[in-house]
Amino acid sequence: MRIACIGGRAWLVTASGKGADIEQASDGRFSADPQALFGCWGDLRAWAAGLADDALEPVDASLFELPVPRPRQIFAIGANYRAHAAEAGVAPPEQPVIFTKFPSCLTGPNDAVAIRHERVDWEVELVVVMAREARDVPAADAWDYVAGLAAGQDISERAIQRLGPMPQFSMAKSLPGFGPVGPVVVSVDEFANPDDLELGCAVNGETMQRSRTSDFIFPVGELIEYISHLVPIYPGDLIFTGTPEGVGATRQPPVFLKPGDVLATWVEGIGTLTNPITKEQAQ
Ligand code: ZN
């Protein structure tokens, strides 16, 4: 099952470009608000599986909006790929490195990202969308608590991140528009192996990152186990799972995003975010 947002309403869509407005097609059984669907994910999947093909109409993927508009919490993981930890010059962590991205930074899969800083960097990430409330969940059971997966960008301003004696991850990665997510949320059952997905990003068509989630230091199950021992994770919450090697800041010389660039970000089996970078206008 693939969930998109069009015109502020939840749509069931297919990989072949068809779809249905969920509230209308379910005669009001399910909400038009995509954020409300993750808490009744099993029921939604059962209904979607029985929906007739002739209930679907062609949809235009360029209209897709942020499919997870209001998560209560967003967890993000630092240094979770071996090759990225190496390029950043840090030892592989012994427990997950966790910060937050504020929900106000989220933006859609086709939205422009307006920037006003000089050292804005890309970070392709697999984004986990939670279904059931998770407390003290063992890693072996963790996928049962996940609704689906999306592609994401943990856009980061490296100068702000490195201001002062301690890293400022949460501020530097939560500027407006610094969290594109989408283009759809794909339910876990659609992946042959959700622990081994190719992902990457390109700037103006040039591939900058390409890796596989099998390079994770802490796979999704271990992240959910670790986080859910500390705090509850709620339906619709997001986990940005970390970025692989190939960020701009560690290149020689460093490369950063600038107005006029187009940032494309993909995850195997999910789709591609296409975010033009623009210059923020003075207020
Ligand atoms: Zn990141």
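Residues numbered from 1 in each chain as written. Predicted model: local features only at pLDDT ≥ 70, side-chain atom pairs only at ≥ 80, totals over all residues. Heavy atoms only, no water.

1. Structural notes on the overall build of the protein
Along the backbone of the protein there are 6 helices and 18 strands. For 283 residues, the compact-globule estimate of 2.2 N^0.38 gives 19 Å, and the C-alpha radius of gyration of the protein, at 18 Å, lies within 12% of that figure. Considering only residue pairs separated by 6 or more positions, the protein has 76% of its internal contacts joining residues 24 or more positions apart. Split by element, the accessible area of the protein, about 12,100 Å² in all, is 51% carbon and sulfur. Positive and negative side-chain charges of the protein, numbering 21 and 37 respectively, have mean locations separated by a distance of 5 Å. (Helix = DSSP H or I, 4+ residues; strand = E, 2+ residues; numbered from the N terminus. Rg over C-alpha atoms; globule rule 2.2 N^0.38 Å. Contact = heavy atoms within 4.5 Å. Areas by Shrake-Rupley, 256 points an atom, 1.4 Å probe, with all protein chains shown as cover. Lys, Arg positive; Asp, Glu negative; His and termini not counted. Charge placed at Lys NZ, Arg CZ, Asp CG, Glu CD.)

2. Some points on unusual backbone geometry
Between Gly 182 and the following residue, Pro 183, the backbone shows a cis peptide bond with an omega angle of -10 degrees. Turning to its location among the elements, Pro 183 is positioned in strand β13 (residues 179–187). A cis geometry characterises the amide bond from Gln 252 onward to Pro 253, with omega recorded as -5 degrees. Among the structural elements, Pro 253 can be located in the loop between β16 (238–240) and β17 (262–267). Unlike most non-glycine residues, Asp 27 shows phi in positive territory, near 50 degrees. Inspection of the secondary structure assignment puts Asp 27 in the loop between α1 (22–25) and α2 (41–49). When its relative accessible area of 74% is taken as the criterion, Asp 27 is described as exposed. The phi dihedral of Asp 136 falls on the positive side, at around 50 degrees, and the residue is not glycine. Mapped onto the elements, Asp 136 comes out in the loop between β10 (124–130) and β11 (146–153). (Buried < 20%, exposed > 50% of the residue type's maximum accessible area, 1.4 Å probe, protein only.)

3. Side note on the coordination of the zinc ion
Protein-derived coordination of the zinc ion comes from Glu 123 (OE), Glu 125 (OE) and Asp 154 (OD), at a distance range of 1.9 to 2.1 Å. Each donor residue of the zinc ion lies on one chain, and together they are spaced E-x1-E-x28-D. Glu 123 gets classed as buried once you look at its relative accessible area, which sits at 5%. For Glu 125, a relative accessible area of 0% translates into the label buried. (Donors = N, O, S within 2.8 Å, 3.2 Å for Na, K, Ca; no water.)

4. A few points about the state of the cysteines
Among covalent bonds in proteins, the disulfide is the one between the sulfur atoms of two cysteines. Taken as a whole and assessed by the stated rule, the structure comprises 0 disulfides. Left without a disulfide partner, Cys 5 is nearest to the cysteine sulfur of Cys 40, which lies 15 Å away. Cys 201 forms no disulfide, and the closest cysteine sulfur to it belongs to Cys 105, at a distance of 16 Å. (Disulfide = S-S within 2.5 Å.)

5. Observations concerning the pattern of salt bridges
Overall, the coordinates contain 15 salt bridges when judged by the stated rule. The closest approach of N and O atoms between Arg 9 and Glu 23, which form a salt bridge, is 2.7 Å. Pair noted here: Arg 9 is in strand β2 (residues 9–13) and Glu 23 is in helix α1, with a separation of 14 residues, a long-range link. Residue class for Arg 9 comes out partly exposed when judged on its relative accessible area of 26%. Glu 280 is paired through a salt bridge with Arg 116; the nearest N and O atoms lie 2.7 Å apart. In this pair, Glu 280 is assigned in the segment after β18 (271–279) and Arg 116 in the loop between β8 (113–115) and β9 (120–121), connecting sequence segments 164 residues apart. One connected set of salt bridges, linked through shared partners, spans Lys 101, Asp 121, Glu 123, Asp 154, Arg 158 and Lys 173. (Salt bridge = Lys/Arg side-chain N within 4 Å of Asp/Glu carboxyl O.)

6. A look at the nonpolar core
In terms of nonpolar packing, the biggest core is built from 55 residues, with Met 130, Ile 224 and Ile 239 touching the most fellow members. Looking at which domains feed residues into this core, each of domain 1 (2–65) and domain 2 (74–279) gives three or more. With residues near it in sequence (within four places) discarded, Met 130 still touches Phe 38, Tyr 145, Val 146, Ala 147, Ile 224, Ile 233, Tyr 234, Pro 235, Gly 236, Asp 237 and Ile 239. Met 1, Ala 76, Val 185 and Phe 240 belong to the second largest nonpolar core, which has 30 residues in total. (Core = buried A, V, L, I, M, F, W, Y, C linked by side-chain atoms within 4.5 Å. Domains from an automatic or database assignment.)

7. Focus on the domain arrangement of the protein
Partitioning the protein into structural domains gives domain 1 (2–65) and domain 2 (74–279). Here the C-alpha centre of domain 2 lies 25 Å away from the C-alpha centre of domain 1. Of the residues lining the interface, 14 residues belong to domain 1; the matching set on domain 2 comes to 18 residues. Interface area, domain 1 with domain 2, both sides summed: about 1,200 Å², of which 54% is carbon and sulfur. Summed over the three residues of domain 1 that lose the most area to domain 2, namely Arg 2, Phe 38 and Trp 41, the buried surface amounts to 51% of that side. Across the pair Arg 45 and Asp 189 runs a salt bridge, and its minimum N-O distance is 3.4 Å. Joining domain 1 to domain 2, the criterion identifies 9 residue pairs in polar contact (both at pLDDT 80 or more). (Buried area = accessible area lost by both parts, 1.4 Å probe. Polar contact = N/O pair within 3.5 Å; in protein donor to acceptor, adjacent residues only side chain to side chain.)

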